[in-house]
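# Results of the structural survey
This is what each chain is made of:
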2 protein chains.
Amino acid sequence: MKISKKERQDKLQLTIADNPFVTDDDLAKRFNVSVQTIRLDRMELSIPELRERIKNVAEQTFEDEVRSLPIGEVIGEIIDIELDENAISIFDVKEEHVFQRNQITRGHHLFAQANSLAVALIDDELALTASAQLHFNKPVQIGERVIAKAKVRRKDDRRTTVEVRSYVGQMLVFRGEFDMYRSTTQVEGGI
Amino acid sequence: MKISKKERQDKLQLTIADNPFVTDDDLAKRFNVSVQTIRLDRMELSIPELRERIKNVAEQTFEDEVRSLPIGEVIGEIIDIELDENAISIFDVKEEHVFQRNQITRGHHLFAQANSLAVALIDDELALTASAQLHFNKPVQIGERVIAKAKVRRKDDRRTTVEVRSYVGQMLVFRGEFDMYRSTTQVEGGI
């Protein structure tokens with residue numbers, strides 16, 4: 001039995017508020033209507049699509065979570081983080097990130113994604129990179145999506161070692177080990 | 001004995017064409033006029049100041065010299081280069097290069113300066129970074145000028161190792177060893 005459009009839209013709104021990660025497919029099945037109808041409902045109700053909803057939730061969540069820098073300073077988009085444990089970010093390679101001649105991603109963008117993720121991972125007010133060992137395993141092309149996965153490997157009072165592995169699909173394209181200096185207060189002079 | 005303004009300006013133009021690196025001081029002494037007069041002469045003749053002239057000469061020179069990338073893709077400003085030997089670049093740290101919170105330069109900008117200088121140094125059509133070891137010795141503040149000095153340390157058929165040391169004044173702020181893959185042809189698949 002179909003319910004009225006008004007009733008469906010009311011329930012749709014409640015359902016998405018309850019679980020922002022529900023897909024249009026799931027909603028279509030639940031309300032026994034087409035995916036196209038769900039899309040039109042969302043448009044009428046000004047509810048953004050799933051990917052936008054995930055991004056909004058992630059940004060709100062991680063803005064409060066990340067301590068070492070404002071989330072806007074992270075290069076790429078954080079999609080998961082547990083401070084002092086591990087983190088994941090996504091970086092989509094666009095025209096401004098590649099060498100003109102061969103459309104290969106410039107190394108400093110892969111480094112920036114990995115390094116800023118290593119900074120974000122630190123559960124302290126100040127995190128600075130002291131040293132790093134980098135391996136560029138495969139050229140990354142324009143249009144590819146780089147997924148960086150950071151893991152804390154060692155930690156003592158003042159230093160944390162973070163390993164970052166970056167993938168395009170299943171392929172390892174970059175690996176970096178970052179030795180991070182951490183502090184609850186601002187740095188003066190040294191490091 | 002003073003010469004006429006017309007005559008002085010003609011000679012001034014020839015002198016600068018002959019040696020673009022002559023200073024206003026030197027010119028003032030040579031023509032027995034004040035530095036201010038020289039500046040006014042230059043303005044009337046539309047001859048840019050020394051720093052601009054150096055930059056123009058450098059860009060023209062290095063554009064033809066650098067093989068591995070268009071000079072515009074180098075981060076910082078190359079002021080000297082001998083392919084496969086050594087190179088120097090300058091990078092002025094501005095607001096967009098620092099962490100908001102503490103005004104310390106973000107690591108990926110120091111890396112980008114050094115890495116792009118290492119690429120520019122390679123006397124081949126293709127240069128890609130295979131691996132790198134980085135040391136961030138001192139935080140660099142906003143407004144500071146970073147001078148990166150690159151030197152080729154080892155070279156064989158396909159690889160070149162470049163060491164880059166970056167200074168603010170006399171202080172070493174960054175050191176990187178870059179293992180560069182080189183080729184006369186475009187890369188396919190694996191680096």
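Thresholds applied
- Residues numbered from 1 in each chain as written.
- Chains lettered and ligands numbered in written order.
- Predicted model: local features only at pLDDT ≥ 70, side-chain atom pairs only at ≥ 80, totals over all residues.
- Heavy atoms only, no water.
- Helix = DSSP H or I, 4+ residues; strand = E, 2+ residues; numbered from the N terminus.
- Contact = heavy atoms within 4.5 Å.
- Areas by Shrake-Rupley, 256 points an atom, 1.4 Å probe, with all protein chains shown as cover.
- Lys, Arg positive; Asp, Glu negative; His and termini not counted.
- Charge placed at Lys NZ, Arg CZ, Asp CG, Glu CD.
- Least-squares fit on C-alpha atoms with pLDDT ≥ 70 in both.
- Expected span 1.5 Å × (residues − 1).
- Buried < 20%, exposed > 50% of the residue type's maximum accessible area, 1.4 Å probe, protein only.
- Pairing = 2+ DSSP bridges.
- UniProt positions renumbered as here; feature names shortened; annotations may be inferred.
- Phe/Tyr/Trp six-rings, centres within 6.5 Å; stacked < 30°, edge-to-face > 60°.
- Lys NZ or Arg CZ within 6 Å of the ring centre and 35° of its normal.
- Axes fitted to C-alpha atoms, helices over the stretch in contact; angles between N-to-C directions.
- Parallel < 35°, antiparallel > 145°, perpendicular 65-115°, else oblique.
- Left-handed = near helix turned anticlockwise from the far one by under 90°.
- Nonpolar A, V, L, I, M, F, W, Y, C, P; charged D, E, K, R; others polar.
- Core = buried A, V, L, I, M, F, W, Y, C linked by side-chain atoms within 4.5 Å.
- Salt bridge = Lys/Arg side-chain N within 4 Å of Asp/Glu carboxyl O.

With that settled, the discussion passes to the overall build of chain A. Scanning chain A from terminus to terminus reveals 5 helices and 6 strands. Reading the helices (α) and strands (β) of chain A from amino to carboxyl end gives α-α-α-α-β-β-α-β-β-β-β. Projected onto its principal axes, the C-alpha coordinates of chain A cover approximately 70 × 45 × 25 Å. Counting contacts in chain A only where the partners sit at least 6 residues apart, residues at least 24 apart contribute 59% of the total. As displayed, chain A offers around 9900 Å² of accessible surface, 46% of which is attributable to carbon and sulfur atoms. In chain A, which carries 28 positive and 33 negative side-chain charges, the distance between the mean positions of the two groups comes to 6 Å.

It takes a turn of 180° to lay chain A on chain B, together with a shift of 0.0 Å along the axis; the resulting RMSD is 0.1 Å. Seen this way, the second copy is the image of the first under a two-fold rotation axis. Every residue of chain A has its C-alpha some distance from the rotation axis, and the shortest such distance is that of Gln133 of chain A, at 2.3 Å. Interface overlap between copies: 100% of the residues of chain A at the interface are likewise at the interface in chain B, consistent with a symmetric, same-surface contact.

What follows deals with helix 5 (residues 107-121) of chain B. Residues that lie three or four places apart on an α-helix share one face, since the helix turns once every 3.6 residues. The end-to-end C-alpha distance of helix 5 of chain B is 21 Å, a good match for the 21 Å that 15 residues give at a rise of 1.5 Å each. Among the 15 residues that make up helix 5 of chain B, 15 are buried, leaving the element largely enclosed by the rest of the structure.

What follows covers the pairing of strand 2 (residues 86-92) of chain A. Each regular strand shows side chains that alternate between the opposite faces of the sheet. All names here are of chain A. Note: strand 1 (residues 77-82) against strand 2, 5 bridges, orientation antiparallel. Looking at the pairing, Glu82 lines up with Asn86 of strand 2. Between strand 1 and the antiparallel strand that follows it, strand 2, lie 3 residues; Asp84 among them carries a positive phi value of about 60°. Judged from the 7 bridges that link them, strand 2 and strand 4 (residues 145-155) form a sheet pairing that is antiparallel. The partner of Ser89 across the bridge, within strand 4, is Ala148.

Take the UniProt feature "domain: Thioesterase" (unreviewed entry) in chain A next. Taking the UniProt record as the reference, the feature "domain: Thioesterase" (unreviewed entry) is found at residues 120-167 of chain A. Here residues 120-167 of chain A runs as 4% helix and 65% strand, with 19 Å between its end C-alpha atoms.

What follows concerns the packing of aromatic side chains. Two aromatic rings are characterised by how far apart their centres lie and by the angle between their planes. Taken as a whole and assessed by the stated rule, the structure comprises 7 aromatic pairs over all chains. Each ring, one from Phe136 of chain A and one from Phe111 of chain B, has its centre 6.5 Å from the other, and the planes form 20°; the classification is stacked. With Phe136 of chain A in strand 3 (residues 126-136) and Phe111 of chain B in helix 5, this pair bridges two chains. You'll find Phe136 of chain A and Phe111 of chain B in the same group, each marked buried. Aromatic ring contacts, followed pair by pair, group Phe111, Phe136, Phe174 and Phe178 of chain A together with Phe111, Phe136, Phe174 and Phe178 of chain B into a single cluster. The aromatic ring of Tyr167 of chain A is capped on one face by Lys149 of chain A, whose charged end is 5.5 Å from the ring centroid.

Let us look at the packing of helix 5 (residues 107-121) of chain A against helix 5 of chain B. Packed helices, taken two at a time, are described by the angle their axes make and the gap between the axes. Between helix 5 of chain A and helix 5 of chain B, whose axes approach to 9 Å, the crossing angle comes to 160°. In this view, helix 5 of chain A runs roughly antiparallel relative to helix 5 of chain B, as classed from their interaxial angle. In this structure, helix 5 of chain A meets helix 5 of chain B at a crossing whose hand is right-handed. Between helix 5 of chain A, through Gly107, His108, Phe111, Ala112 and Asn115 of chain A, and helix 5 of chain B, the contact on the second element is made entirely by Gly107, His108, Phe111, Ala112 and Asn115 of chain B. Considered class by class, the residues forming the contact of helix 5 of chain A with helix 5 of chain B number 4 nonpolar, 6 polar and no charged.

Within the largest apolar cluster, 82 residues are counted, with the highest numbers of intra-cluster contacts made by Leu134 and Phe178 of chain A together with Leu134 and Phe178 of chain B. Not counting residues up to four positions away in its chain, the partners in contact with Leu134 of chain B are Phe111, Ala130, Ser131, Ala132 and Leu134 of chain A together with Phe111, Phe174, Arg175, Gly176 and Phe178 of chain B.

The strand order across the open sheet formed by 12 strands is 1(A)-2(A)-4(A)-5(A)-6(A)-3(A)-3(B)-6(B)-5(B)-4(B)-2(B)-1(B), and the pairing between neighbours is antiparallel. Strands with a single pairing partner mark the edges of an open sheet, and in this sheet they are strand 1 of chain A together with strand 1 (77-82) of chain B. For this sheet the average axis-to-axis angle between neighbouring strands, irrespective of direction, equals 20°. Here strand 4 (residues 145-155) of chain B runs beside strand 5 (residues 159-168) of chain B; their pairing, made up of 8 bridges, is antiparallel. Paired with Lys155 of chain B across the strands is Thr160 of chain B, a residue of strand 5 of chain B. Contacting strand 1 and strand 4 of chain B, helix 4 (residues 50-65) of chain B crosses the sheet at an angle of about 50° to strand 1 of chain B.

Taken as a whole, this structure holds 30 salt bridges over all chains when the rule is applied. Note that Arg159 of chain A is salt-bridged to Asp179 of chain A, the shortest N-O span being 3.0 Å. Linking Arg159 of chain A in strand 5 (residues 159-168) with Asp179 of chain A in strand 6 (residues 171-183), this pair joins segments that are 20 residues apart in sequence. Put simply, Lys11 of chain B and Glu7 of chain B hold a salt bridge, and the shortest N to O gap is 3.9 Å. Remark: Glu7 of chain B and Lys11 of chain B occur in helix 1 (residues 5-18); sequence separation between them is 4 residues, near one turn of the helix. For Lys11 of chain B, a relative accessible area of 39% gives the class partly exposed. We classify Glu7 of chain B as partly exposed; its relative accessible area is 37%.

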